[in-house]
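Read off the chains here:
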Amino acid sequence: MVQRLSRLLPKGFACARSSPALSGDFAGVALDGSERQYSWQHARAAAAALVTAGLGSLLVLRPQTSECEEAKLASAGQTQRKQPALPIYHAEDVANHNNKEQGVWVTYKDGVYDVTDFLEMHPGGASRLMLAAGGAIDPFWAMYQQHQNDEIRSLLEGYRIGSLAGGQDMSQQVADPYSHEPQRHPALIVRSQKPFNAETPAALLIGKLYTPNDLFYVRNHLPVPAVDLAAYALRIEGEGLRTIELSLKDLQTMFKRHTISATLQCAGNRRIDMSDLKDIKGTTWAAGAIGNAEWSGVTLKDVLEYAGLDESSETDAEHVQFEGLDSDMEGVCYGASILIEKAINKGADVLLAFEMNGRPLSKDHGYPVRVIAPGIVGARNVKWLSRIIISKEESQSHWQQHDYKSFSPNTDYDTVDWDSAPAIQEPNVTSAICSPNNHEAVTTSEGMIPVKGFAYSGGGHSIVRVDVSADGGKTWTVADLRSVPAKRSRAWSWSLWEAEVPAPAAQRDIEIICKATDNAYNTQPDSVAGVWNLRGVLNNAWHRVKVQVTDQ
């Protein structure tokens, strides 16, 4: 661990020693020879700072002087050595440091930073960080605003080497790319504003089999694009196809309309339970990043057949790539892909959807056209669809290659090999308790606690059973299920469930747990520890809710 921390220190610092128990303080040595004290908490915070999106995810251990040390210095009439003034650099100096050989410098506001040593540690890949090489990261941070917090700004300062002559370059300031976002329902639980991410309150998930449009969870990776419907054209191209472009009206009038019921769920749903075990960087979803809707549109299969590809076509293509209209300041758009077998299979029901619960798609949910790949994780259901590409390769986007993958609990950002794991497609079986809420006071009726929730499995698997317990799994109650009727292997929607669970006698503090089983007899594991991963995805451990019984 000491060697690992040493590699992560900014230039001029080295880890000298560490407590064998990895607790308390460890010493650091600055270039001027002065010793500093670092707390293990700072080390943990630094290691956890390897966030997974955008530019500027910087890592540094910050020096800390203890109150005891300061008191000793004061009693001896000493003061800490004053740090020398930082050098002044001109924009031309920074611009000349735009490669690994010369060093990679960036500016933020009036500061100059050498981030060369961080290139290979950047979770988005060195190429993403190199976009800002020799210039300002301000425009990128305007787009990826998860970096706009005190922790990240503080960490960035560890890489500061000087100040920018004349102060901040105002020409690098950009208009807020999120200034034209749509209005949202106030009941949504907002997890981040820019980009906007919000989940449905648990109690509102279980009211109906179909989640109301304005209460459906929102997962955006970039600003919501402004779409000119008159100019909108969906481009379809690639292996074995004739290139075509279709307007929304073309889609609505040239192909047969289809409607399916399907659940969408973010791969990070229930990430918060993993965060309770070990620090994770990512949107802190509880259980509400899921929803069920009726989607209407045309099948991807029909559109591809129109362009010249069907199940009988001879092609080496293996993937169908999707690109959205949402993009960053460099024009990099959100992208994802699914296997071609899913796209051209009539029974897979993949839609190019333009309606949700009988209404045109809203801006947040992909207006005018989005992909609905039922039984596939939400990240592949690309919104604001602009381009479909039939390819031998899967999408090369960041979100397909360096995100939405799961690894061993022992894998961290120092050791992760993104190429070693496949991109998530079909999500695993899961369930959650939506009522009562965690830490809620409940009143029993004849010794029974009413419990409600949802269950879902990807790949078209139906839920066959949900078991609920209030005594740590010693006894189980089988819940009553409410589901959307579906054909075999095409159960794209969740099931809602409810149960009356006996409360342990004379016990006030109770933990209620649930687990689901699908028709392939996949079931949930009991512990988060076994499924924990650095991205906090696919958490399907037993869901647990603690309540206080007020009247038995």
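This text gives an overview of the structure that appears in the document. Just so you know, the residues in each chain are numbered from 1, in the order the chain's sequence is written. A pLDDT threshold of at least 70 governs which residues receive local features in this predicted model, and a stricter bar of 80 or more applies before side-chain atom pairs are shown or counted, although totals over entire chains, interfaces and linings include all residues. The side-chain values count all of the structure's non-hydrogen atoms but skip hydrogen atoms and water molecules.

1. Observations regarding the overall build of the chain
Move 1: Elements are defined by DSSP. Helices are runs of H or I of four residues or more, strands are runs of E of two residues or more, and each kind is numbered from the N terminus. Per the secondary structure count, the chain includes 13 helices and 30 strands.
Move 2: Exposed residues in this analysis have more than 50% of their type's maximum accessible area, buried residues have under 20%, and partly exposed residues fall in between, with area computed by a 1.4 Å probe over protein chains only. The proportion of buried residues among the 552 residues of the chain is 52%.
Move 3: Long-range contacts, defined as pairs at least 24 residues apart, comprise 70% of the intrachain contacts of the chain with a sequence gap of at least 6.
Move 4: Accessible surface, the chain as shown: approximately 24600 Å² in total, 48% of it carbon and sulfur. By definition, residues are in contact when any of their heavy atoms lie within 4.5 Å. Residue exposure ignores everything except the shown protein chains as possible cover, and the areas themselves are Shrake-Rupley values with a 1.4 Å probe.

2. Remarks on the pattern of salt bridges
Move 1: Throughout this description, the term salt bridge denotes a Lys or Arg side-chain nitrogen within 4 Å of a carboxyl oxygen of Asp or Glu. All told, the structure shown has 18 salt bridges when counted by the stated rule.
Move 2: The closest approach of N and O atoms between Glu511 and Arg544, which form a salt bridge, is 3.1 Å. In this pair, Glu511 is assigned in strand β29 (residues 509–518) and Arg544 in strand β30 (residues 543–551), connecting sequence segments 33 residues apart.
Move 3: For Arg544, a relative accessible area of 36% puts it in the partly exposed group.
Move 4: Each of the salt bridges in this network shares a partner with another, and the network as a whole consists of Arg235, Glu237, Glu245, Glu323 and Arg387.

3. Digging into the sheet that holds strand β10 (residues 197–199)
Move 1: Each pair of strands is called paired provided DSSP finds at least two bridges between the two strands. Spatially, β9-β10-β11 is the arrangement adopted by the three strands of the open sheet, whose pairing is antiparallel. Each edge of the open sheet carries a strand with a single partner, namely β9 (189–192) and β11 (218–219).
Move 2: Of the pairings in the sheet, the one linking β10 to β11 comprises two bridges and is antiparallel in character. Along β11, the bridge assignment pairs Ala198 with Val218.

4. Quick notes on the pairing of β29
Move 1: Across the 10 residues that make up β29, a large majority, eight, are buried.
Move 2: Across six bridges, strand β25 (residues 463–469) lies against β29 in antiparallel orientation. By the bridge assignment for β29, Arg465 is matched with Thr517.

5. Observations regarding the sheet that holds strand β17 (residues 333–339)
Move 1: The strand order across the open sheet built from five strands is β13-β12-β21-β16-β17, with neighbouring strands paired in mixed fashion. A single partner strand is all that each edge strand has here, and the edge strands are β13 (244–246) and β17. Neighbour-to-neighbour, the strand axes of the sheet open up by a mean angle of 20 degrees, direction not taken into account.
Move 2: Pairing between strand β12 (residues 234–238) and strand β21 (residues 385–391): four bridges, direction parallel. Only C-alpha atoms enter the line fits that serve as axes; for helices the fit covers just the stretch in contact. Angles between N-to-C directions range over 0 to 180 degrees.

6. A closer look at the pairing of strand β22 (residues 430–435)
Move 1: Of all six residues in β22, five are buried; the element is thus mostly enclosed.
Move 2: Strand direction decides the pairing type here: β22 and strand β24 (residues 448–456), joined by five bridges, are antiparallel. Pairing of Thr430 across the sheet is with Tyr456, part of β24.

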